[in-house]
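Residue strings, one per chain:
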Amino acid sequence: GDDMTVHPGNLAGLPPMGPKGTTREPKAKRPSGKDLAYLRALHQLPCVICENFGEIQTSPTTAHHTICGRYSQRKTPDRQAIPLCDGHHQGDHDTTKTAIHRDRAEWVRRYGPDTDYIAATQDAVAGQLTRET
């Protein structure tokens, strides 16, 4: 973004003070899409692929930011992430499964687009968050 943009609270429209490039809004104010409560709850869920296809989950659940039908490099919001075990996600530790980041075409052929699992994940996370409070 342009540093000269007038923000509410910067009525004079002055540039940020200090060396250029080092002043940043606090994380909470930037629309980074980081939703820590959602991600924490998501990590408590089983891998959606292991669960739906009767495979045994042997690695921890990680948050996969969906990539099917995405045309920019920008990460999808955390609320569109789905729970995948390492084997179905990066395949760094568990190489016995098809990892979406290693062979996306094969993953989609077997399991369908990753975006198909967003709605069920959001419902499961909502259940997790309700139980916590």
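Residues numbered from 1 in each chain as written. Predicted model: local features only at pLDDT ≥ 70, side-chain atom pairs only at ≥ 80, totals over all residues. Heavy atoms only, no water.

Caption draft 1: Spotlight on the overall build of the protein. Along the backbone of the protein there are 4 helices and 2 strands. In sequence order, the protein lays out its α and β elements as α-α-β-β-α-α. With 133 residues in all, the protein has 35% of them scored as buried. Sequence-distant contacts in the protein: of pairs separated by 6 or more residues, those separated by 24 or more amount to 53%. Surface summary for the protein: the accessible area is close to 8,900 Å², and the carbon and sulfur share equals 55%. (Helix = DSSP H or I, 4+ residues; strand = E, 2+ residues; numbered from the N terminus. Buried < 20%, exposed > 50% of the residue type's maximum accessible area, 1.4 Å probe, protein only. Contact = heavy atoms within 4.5 Å. Areas by Shrake-Rupley, 256 points an atom, 1.4 Å probe, with all protein chains shown as cover.)

Caption draft 2: Seen up close, the packing of aromatic side chains. Under the definition given, this model contains 3 aromatic pairs. Judged by centre distance (5.3 Å) and plane angle (70°), the rings of tryptophan 107 and tyrosine 111 are edge-to-face. Of this pair, tryptophan 107 and tyrosine 111 both sit in helix 3 (residues 104-111), 4 residues apart, which is roughly one turn of that helix. For the pair shown, tryptophan 107 and tyrosine 111 are each scored as buried. Centre to centre, the rings of tryptophan 107 and tyrosine 117 are 6.4 Å apart; their planes meet at 80°, and the pair counts as edge-to-face. With tryptophan 107 in helix 3 and tyrosine 117 in the loop between helix 3 and helix 4 (118-132), this residue pair connects regions lying 10 residues apart in the sequence. Since its relative accessible area comes to 0%, tryptophan 107 is described here as buried. Aromatic rings pair up to connect Phe53, Trp107, Tyr111 and Tyr117 into one cluster. (Phe/Tyr/Trp six-rings, centres within 6.5 Å; stacked < 30°, edge-to-face > 60°.)

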